[in-house]
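Each chain, written out:
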Amino acid sequence: MSTPVKVAGFLAAIAAIFGLALVVGRAIGPVDDEPAAHDDAHASGDGRVHLTPAGDGGTEIPEGLMVSQDGYTLALAEPGSPAGRDRTVAFTITGPDGDPVMSYDVEHEKQLHLIAVRRDFTGFQHVHPVLDEKTGVWSIDLDLTPGTWRLFADFKASGADPLTLGTDLAVSGDHQPADPAPENRTATVDGYEVTLDGDLTAGADAKLTLSVTRNGEPVTDLQPYLGAYGHLVALRAGDLAYLHVHPDGEPDDGTTKPGPDVVFHTAVPSAGTYHLYLDFQHNGVVRTAAFTVTTGGAATPGDTAPSETEHGESSGHQH
Ligand SMILES: [Cu+2]
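These figures come from a predicted structure and were not determined experimentally.

Q: Whenever I open this one, the overall build of the protein chain confuses me. Can you help?
A: A count of helical and extended segments in the protein chain gives two helices and 21 strands. Within the protein chain, the proportion of its 319 residues that are buried is 40%. For the protein chain, the proportion of contacts with a sequence separation of at least 24, taken over those separated by at least 6, is 63%. Here the protein chain has roughly 16100 Å² of accessible surface; of this, 55% comes from carbon and sulfur atoms.

Set out below in structure tokens:
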């Protein structure tokens, strides 16, 4: 092929690509003219809702449902693991350039929070993997029973927005799916009893009060854990959409008491059943109290008394 022909072919190819780019550009339109209001739900801070703008003004997408978002991807070193205690799980967060992210901002005292829960809502663990600063590989030991586990990595790459990415981990062995958990507003763990007051409300802020007692006595000397007297993770039944909620007030603000009540405000994205996990620290040990609750009915301010009628209405059945 002669040089002029090569050049002509090259120019034709460039023209074709450029033409295509123009068409694609018109079809997609500008993408950066989001109204500022969208940013509200993305804001960090106490009681943050952690919703991601859908980009077109439509429904907002909860966190934790995607393995890849905004150019960041959660990549497991191995897609599965044998069951057992202290099984090492390793992963990277790759960035928009395809390389493992090495630099993270500290949020709630850690660079990355990993939540692991079996998809049938057993075996919840909230842990803090260690970053190999040479390779960008995170690793942590988990106690894994057979079944499919959901892993959530909650982090903020330096210079980027906070993200929670989710992926599944297949744990081999004889899997016995747990029966669906019944609703409970009292959870017992290691001699502590935690009660939950307040109703989750689809699309509206709800006040949840968690009260910790031990041997029937209110616990009034909770210890700060990751900068708060409690951390609450809510997972939606069905798809494990993820909400991480921080309580009202901080341990050293002069007004927030160290128990027995820890108060949270959160809005869940839809009606349905949610699994709530409260991490709290007392006498130097972090424990987790687990609840299963269904969203209340009409969002009447101050109405916190659940009833069968409200639950029935919220289930969306039409007869
Ligand atoms: Cu954490």
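Past the structure itself, the notes keep going.
Q: Please clarify how the sheet that holds strand 6 (residues 84–94) should be interpreted in this entry.
A: Working definition: the strands of a sheet are paired by backbone hydrogen bonds and lie parallel or antiparallel to each other. Sheet architecture is open: five strands sit in the order 3-4-6-10-9, paired in antiparallel fashion. Both outer strands of the open sheet, strand 3 (68–69) and strand 9 (130–132), are each paired with one neighbouring strand and no more. Of the pairings in the sheet, the one linking strand 3 to strand 4 (residues 72–76) comprises two bridges and is antiparallel in character. Pairing of serine 68 across the sheet is with threonine 73, part of strand 4.

Q: Sorry if this is basic, but what is going on with the pairing of strand 13 (residues 186–189) here?
A: Both faces of the sheet carry side chains from a regular strand, because those side chains alternate between them. Of the two faces of strand 13, the one holding Ala187 and Val189 is buried and the one holding Thr186 and Thr188 is not buried anywhere. Bridge analysis of strand 13 against strand 14 (residues 192–197) gives four bridges, and the strand direction is antiparallel. Bridged to alanine 187 within strand 14 is valine 194.

Q: Whenever I open this one, the coordination of the copper ion confuses me. Can you help?
A: Where a metal carries four tetrahedral donors, each ideal angle is 109.5 degrees; where it carries six octahedral donors, the ideal angles are 90 or 180 degrees. At 1.8 to 2.0 Å from the copper ion lie its protein donor atoms, namely His113 (ND1), His126 (NE2) and His128 (NE2). Each donor residue of the copper ion belongs to the same chain, and together they define the spacing H-x12-H-x1-H. Residue histidine 126 is classed as buried on the basis of its relative accessible area of 11%. When its relative accessible area of 19% is taken as the criterion, histidine 128 is described as buried.

Q: For this particular structure, what's the right way to read the pattern of salt bridges?
A: It is possible for side chains bearing opposite charge to pair when their charged atoms get close. Counted under the stated rule, the structure contains eight salt bridges. As a salt-bridge pair, arginine 236 and aspartate 239 come within 2.6 Å of each other at their nearest N and O atoms. A residue is classified by how much of its surface remains accessible, and aspartate 239, at 26% relative accessible area, is partly exposed. A single salt-bridge network, built from bridges that share partners, covers Arg119, Arg150 and Asp168.

Q: How should I be thinking about the pairing of strand 10 (residues 137–144) in this particular structure?
A: Here strand 10 shows a buried face lined by Trp138, Ile140, Leu142 and Leu144 and an unburied face lined by Val137, Ser139, Asp141 and Asp143. Judged from the six bridges that link them, strand 6 and strand 10 form a sheet pairing that is antiparallel. Opposite valine 89, over in strand 10, you have isoleucine 140 as the bridge partner. Relative to strand 10, strand 9 runs antiparallel, the two being bridged by three bridges. Looking at strand 10, one finds that valine 130 is bridged to serine 139. The loop that links strand 9 with its antiparallel partner strand 10 comprises four residues; one of these, glycine 136, has a positive phi angle of about 80°.

Q: Just checking my understanding: could you explain the sheet that holds strand 21 (residues 285–294) for this structure?
A: In spatial order, the strands read 18-17-20-21; together these four strands make up an open sheet with antiparallel pairing. In the strand order of this sheet, the two ends are held by strand 18 (242–245) and strand 21, each with one partner. When the angles between neighbouring strand axes are averaged without regard to direction, this sheet yields 20°. Direction of pairing for strand 17 (residues 231–236) relative to strand 18: antiparallel, over a ladder of four bridges. Each bridged residue has a counterpart across the sheet, and for leucine 235 the counterpart in strand 18 is tyrosine 242.

Q: What is the right way to read the side chain of threonine 167 from this model?
A: The residue threonine 167 is located in strand 12 (residues 163–172) in this model. Threonine 167 gets classed as buried once you look at its relative accessible area, which sits at 14%. Non-local contacts of threonine 167, meaning those with residues more than four positions away in its chain, are made with Val67, Leu74, Leu76, Trp149, Arg150 and Leu151.

Q: Looking at this structure, how should I read the environment of alanine 290?
A: Within the fold, alanine 290 resides in strand 21. Residue alanine 290 is classed as partly exposed on the basis of its relative accessible area of 36%. Sequence separation between alanine 290 and leucine 278 is 12 residues; the distance between their C-alpha atoms is 6.5 Å. Excluding its chain neighbours within four sequence positions, the residues that come into contact with alanine 290 are Asn184, Ala187, Leu276 and Tyr277.

Q: Help me understand the nonpolar core, please; the structure alone is not making it clear to me.
A: Counting residues in hydrophobic clusters, the biggest one holds 27 residues, and the most contacted among them are Tyr72, Ile93, Leu114, Leu142 and Phe155. Counting only elements with at least two residues in this core, the list comes to strand 4, strand 6, strand 7 (112–118), strand 10, strand 11 (147–155) and strand 12. Counting 26 residues, the second-largest nonpolar core is a separate cluster that includes Val189, Leu200, Leu222 and Ala234.

Q: I'm lost on the packing of aromatic side chains in this one. Help?
A: To describe a pair of aromatic rings, you give the distance between the ring centres and the angle between the ring planes. Summed over all chains, the structure comprises six aromatic pairs. Aromatic pair tyrosine 104 and tryptophan 138: ring centres 5.1 Å apart, planes at 75°, arrangement edge-to-face. Taken together, the residues tyrosine 104 in the loop between strand 6 and strand 7 and tryptophan 138 in strand 10 connect sequence positions 34 residues apart. Residue classification places tryptophan 138 among the buried positions, given a relative accessible area of 2%. Ring pairing ties together the aromatic residues Tyr72, Tyr104, Trp138 and Phe155, which thus form one cluster.

Rules and cut-offs
Residues numbered from 1 in each chain as written. Predicted model: local features only at pLDDT ≥ 70, side-chain atom pairs only at ≥ 80, totals over all residues. Heavy atoms only, no water. Helix = DSSP H or I, 4+ residues; strand = E, 2+ residues; numbered from the N terminus. Buried < 20%, exposed > 50% of the residue type's maximum accessible area, 1.4 Å probe, protein only. Contact = heavy atoms within 4.5 Å. Areas by Shrake-Rupley, 256 points an atom, 1.4 Å probe, with all protein chains shown as cover. Pairing = 2+ DSSP bridges. Donors = N, O, S within 2.8 Å, 3.2 Å for Na, K, Ca; no water. Salt bridge = Lys/Arg side-chain N within 4 Å of Asp/Glu carboxyl O. Axes fitted to C-alpha atoms, helices over the stretch in contact; angles between N-to-C directions. Core = buried A, V, L, I, M, F, W, Y, C linked by side-chain atoms within 4.5 Å. Phe/Tyr/Trp six-rings, centres within 6.5 Å; stacked < 30°, edge-to-face > 60°.

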